[in-house]
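Working through the structure, step by step
As a plain string of letters, each chain reads:
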Amino acid sequence: MEPKRYLGLLAGILLAIPALAQEDRSYTFGIVPQQPPSELAKLWTPFLSYLSEKTGYQLVFATSRGIGPFSERLYDGNYDFSYANPYHYTVAHDRSGYEAIAKRKNVSLRGILVVRADSSIADVSELDGQDIGFPSETAFAATLITRAHFNKNNIPVVPQYVNSHNAVYRGVINGRFPAGGGVMRTFNNLPEKERNKLKVFWTSDDYSAHAFMAHPGVPSEVVEKVQQAMVEMANDEVGKRWLKRIRIPAIEAAGDSEWNDIRELNLGEVLDN
């Protein structure tokens, strides 16, 4: 049964909580806000409750009301544990010493570029100087990976941010943009009538997925227990249920070097442009 006692904590934990909570055996777990905080809490609280029972440490849900504030709090070391996108991890590692401990098993991230189905565009070089639709400035696969490819190949484009993947796709359909960035999951989720008006003409290489990480101030024995409990979740029915709720099939142990592919993208230069 889903524990209710954690749901009662939501009002006090939706904003950032300083790293290394003062109560013994209690640690904050910052989750990147890909949904509104209240929805995110409902998804992730059972996961954290499961880990709390398995480890004997209370893992307390924490997030913020936007990706920008969340990332700054992460970079400042305000979470004991965190789950965030690959770029967030590399910056948090450099600024506050966070270490990756796990990631989604057998999952990688790829960006795509779509054009209208009747478009003659066949190569990214043809987009030189064009307005390109993107869902947001820091969307990892749809924006950062794709813009990094333009930068690497010295193809200047004018990014136009429209707040969602679907808005990008519809902007391309309507002729607002000659091309737009996205990911296959959201492209495949489009209504068939809209999807048939588009085609994917470029797909990026595979890159490391979101990272589970630990603050350097968390005792090593705590980190090891949390890591082990996450890795073992897919081995029992209750654990699999809560993993499915957050759309993660399984978790595997991981280390810092597995995100070197993200560092090689020089995403700081992408964001500065």
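Everything numeric in this text was worked out from a predicted model, so none of it was measured. (Residues numbered from 1 in each chain as written. Predicted model: local features only at pLDDT ≥ 70, side-chain atom pairs only at ≥ 80, totals over all residues. Heavy atoms only, no water.)

What follows deals with the sheet that holds strand β9 (residues 179-182). Pairing between sheet strands relies on hydrogen bonds along the backbone, with the strands arranged either parallel or antiparallel. With mixed pairing, 5 strands are arranged side by side in an open sheet as β8-β7-β9-β6-β10. Across the chains shown, the open sheet's two edge strands, defined by having one partner strand only, are β8 (158-161) and β10 (198-203). Neighbour to neighbour, the strand axes of the sheet diverge by 35 degrees on average, direction disregarded. Relative to β9, strand β6 (residues 112-116) is paired through 3 bridges, and the arrangement is antiparallel. Of the residues in β9, the one forming a bridge with Ile112 is Gly182. The strands that helix α5 (residues 140-152) touches are β6, β7 (131-134), β8, β9 and β10; relative to β7, the one it contacts most, it runs at about 150 degrees. (Pairing = 2+ DSSP bridges. Helix = DSSP H or I, 4+ residues; strand = E, 2+ residues; numbered from the N terminus. Axes fitted to C-alpha atoms, helices over the stretch in contact; angles between N-to-C directions. Contact = heavy atoms within 4.5 Å.)

Where helix α2 (residues 37-55) meets helix α10 (residues 237-245), the closest approach of the two axes is 8 Å, and the angle between their N-to-C directions is 150 degrees. In terms of orientation, α2 lies roughly antiparallel with respect to α10. Read as a crossing pair, α2 and α10 show a hand that is left-handed. Counted together, Lys42, Leu43, Pro46, Phe47 and Tyr50 of α2 and Val238, Gly239, Trp242, Leu243 and Arg245 of α10 form the full contact between these two elements. Its residues assigned to classes, the contact of α2 with α10 shows 7 nonpolar, 1 polar and 2 charged. (Parallel < 35°, antiparallel > 145°, perpendicular 65-115°, else oblique. Left-handed = near helix turned anticlockwise from the far one by under 90°. Nonpolar A, V, L, I, M, F, W, Y, C, P; charged D, E, K, R; others polar.)

In the case of a regular strand, side chains alternate between the two sheet surfaces. For strand β1 (residues 26-31), the buried fraction is high: 6 of the 6 residues fall into the buried class. Both faces of β1 are covered, namely the face carrying Ser26, Thr28 and Gly30 and the face carrying Tyr27, Phe29 and Ile31. Here 5 bridges tie β1 to strand β2 (residues 58-62), and the two strands are oriented parallel to one another. Within β2, the residue paired with Thr28 across the bridge is Val60. Once the chain exits β1 it traverses α2 before rejoining the sheet at β2, and the crossover so formed is right-handed. Note that β1 and strand β3 (residues 81-84) share 3 bridges and pair parallel. From the neighbouring strand, Gly30 faces β3, where its bridge partner is Ser82. (Buried < 20%, exposed > 50% of the residue type's maximum accessible area, 1.4 Å probe, protein only. Right-handed = clockwise from strand over helix to strand, strands pointing away.)

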